[in-house]
Amino acid sequence: MLILSRKKGQSIMINDDIEVIVVSTEGDQVKIGIRAPSSIKVHRKEIYDSIQESNLASIAPADQLPSLKQLTGQALSEWQKEK
Amino acid sequence: MFAHLFGKEISMKGAILGFPDMDVFVLAPVDQDNPESPFAYLQCLEQPEVGFLVTNPFVFHANYEFQLSDQDRSRLQADDPGKIVVLSIVTIANPFFDSTVNLLAPILIQYEAGIGMQTVLAGECNYTTREPLFRRSAKEGGEV
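Note that the structure is predicted; figures quoted are calculated from it, not measured.

Caption draft 1: Expanded view of the overall build of chain A. What chain A contains, in helices and strands, is two helices and three strands. Along chain A, helices and strands appear, N-terminal first, in the series β-β-β-α-α. Taken over C-alpha atoms, the radius of gyration comes to 23 Å for chain A, far larger than the 12 Å a tight globule of 83 residues would show. Viewed in the frame of its principal axes, chain A has a C-alpha envelope of about 60 × 30 × 30 Å. Taken over 83 residues, chain A has a buried fraction of 18%. In chain A, once contacts between residues fewer than 6 apart in sequence are set aside, the share between residues at least 24 apart is 0%. Of the roughly 6400 Å² of accessible surface on chain A, 52% is carried by carbon and sulfur atoms.

Caption draft 2: Main features of the interface of chain B and chain A. Between chain B and chain A, the contact holds 45 residues from the first and 28 residues from the second. Taken over both partners, the interface formed by chain B and chain A buries close to 2900 Å², and the fraction arising from carbon and sulfur atoms is 65%. One can count three salt bridges joining chain B with chain A. In this structure, K41 of chain A engages D72 of chain B in a salt bridge whose closest nitrogen and oxygen atoms are separated by 3.0 Å. Elements represented by at least two residues in the side of chain B that touches chain A include exactly β3 (39-44), β4 (51-55), α1 (57-60), α2 (70-75), β5 (84-91) and β8 (115-118) of chain B. Of the residues contributing to the side of chain B that touches chain A, the split by class is 26 nonpolar, 13 polar and six charged.

Caption draft 3: Structural context of the packing of aromatic side chains. Inspection of every chain in the model, using the stated rule, returns 11 aromatic pairs over all chains. For the ring pair F58 of chain B and Y64 of chain B, a centre distance of 5.6 Å and an interplane angle of 45° mean the geometry is tilted. Y64 of chain B sits in the buried class, given a relative accessible area of 5%. Among the aromatic residues, those joined into a ring-pair cluster are W79 of chain A together with F39, F60, F96, F97 and F134 of chain B.

Caption draft 4: Broad picture of the environment of P35 of chain B. Turning to its location among the elements, P35 of chain B is positioned in the loop between β2 (24-29) and β3. For the pair P35 of chain B and G51 of chain B, spaced 16 residues apart in sequence, the C-alpha separation works out to 20 Å.

Caption draft 5: Looking closely at a nonpolar patch on the surface. Where nonpolar side chains cluster on the molecular surface, the patch consists of V30, I32, I34, I40 and V42 of chain A and spans about 420 Å² of accessible area. Note that I34 of chain A resides in strand β3 (residues 29-35).

Caption draft 6: Quick look at the side chain of S99 of chain B. Examined against the element boundaries, S99 of chain B turns out to sit in the loop between β5 and β6 (100-101). In this structure the side chain of S99 of chain B is engaged in a polar contact, spanning 2.7 Å, whose partner is the backbone oxygen of F96 of chain B.

Caption draft 7: The arrangement of the sheet that holds strand β2 (residues 18-26) of chain A in detail. Residue and element names in this part refer to chain A. Taken together, three strands build an open sheet; the order of strands is β1-β2-β3 and the sheet is antiparallel. The sheet is open, and its two borders are formed by β1 (11-14) and β3, each paired with just one other strand. Averaged over all neighbouring strand pairs, the angle between strand axes comes to 25°, with direction disregarded. Examined bridge by bridge, β2 and β3 share seven bridges and lie antiparallel to one another. Bridge assignment links E19 to a residue of β3, and that residue is R35.

Caption draft 8: Examining helix α2 (residues 65-82) of chain A more closely. The end-to-end C-alpha distance of α2 of chain A is 25 Å, a good match for the 26 Å that 18 residues give at a rise of 1.5 Å each. Turning to α2 of chain A, its buried residues number three or more, namely L68, T72, A75, L76 and W79 of chain A. Looking down the long axis of α2 of chain A, one finds its buried residues gathered within 110° of arc, a one-sided arrangement. Seen from the buried face of α2 of chain A, the exposed residues on the opposite side, beyond 90 degrees, are P66, Q70 and K81 of chain A. Here the buried face of α2 of chain A lies against β3, β4 and α1 of chain B.

Here is what the cut-offs are and how they apply
Residues numbered from 1 in each chain as written. Chains lettered and ligands numbered in written order. Predicted model: local features only at pLDDT ≥ 70, side-chain atom pairs only at ≥ 80, totals over all residues. Heavy atoms only, no water. Helix = DSSP H or I, 4+ residues; strand = E, 2+ residues; numbered from the N terminus. Rg over C-alpha atoms; globule rule 2.2 N^0.38 Å. Buried < 20%, exposed > 50% of the residue type's maximum accessible area, 1.4 Å probe, protein only. Contact = heavy atoms within 4.5 Å. Areas by Shrake-Rupley, 256 points an atom, 1.4 Å probe, with all protein chains shown as cover. Buried area = accessible area lost by both parts, 1.4 Å probe. Salt bridge = Lys/Arg side-chain N within 4 Å of Asp/Glu carboxyl O. Nonpolar A, V, L, I, M, F, W, Y, C, P; charged D, E, K, R; others polar. Phe/Tyr/Trp six-rings, centres within 6.5 Å; stacked < 30°, edge-to-face > 60°. Patch = residues over 30% accessible without salt bridge, like charges linked within 9 Å, V, L, I, M, F, W, Y side chains within 5 Å. Polar contact = N/O pair within 3.5 Å; in protein donor to acceptor, adjacent residues only side chain to side chain. Pairing = 2+ DSSP bridges. Axes fitted to C-alpha atoms, helices over the stretch in contact; angles between N-to-C directions. Expected span 1.5 Å × (residues − 1). Arc of directions from axis to C-beta.

Read these as spatial facts, not as claims about activity.
Now the structure itself:
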């Protein structure tokens, strides 16, 4: 991992089209600005972590399929009644 | 609802977050007797023990919407967005009526090319990984 020191207002360039700017610092909080083409996805890492967690928690082994048929069927008819 | 997708191999190339090694998935019916069921089963061919209950999110969240990024569109080789099927992973709860659905990171499948991915919607969206599937938790039901 590359580690750099920057002061407030200074930035780093990633390739020639992504700029990461240190906007301000306050205690242990750092405000960062990112200027990048719209094709670049920028997300907080917690978002990725939460999706990974959600995916892992959603694994439904194939041997559950017969019960899923029953559960989804029941829930659908209950849901349609309420709609 | 998904009949045209059943049995077709879909290459995810590790794009299901948390499963970087898994590529080929297949969609199977959950209820063969109900061709209109909004549910399906997405199973990994390489590791058959990994599978997800998925659903058509628009059935349960009629106002669900998001912008397809150019990057995703090109990864899916979808010159026509009409070729893309949107699925959401269900987190099964007990009772099943309290199950939730991941609207923050939908699965996109371009069925003609057999390419799929899980995408993360942009930061401005208000969707989470755990939206009520049937929009009525047991608690809300009790308060009515």
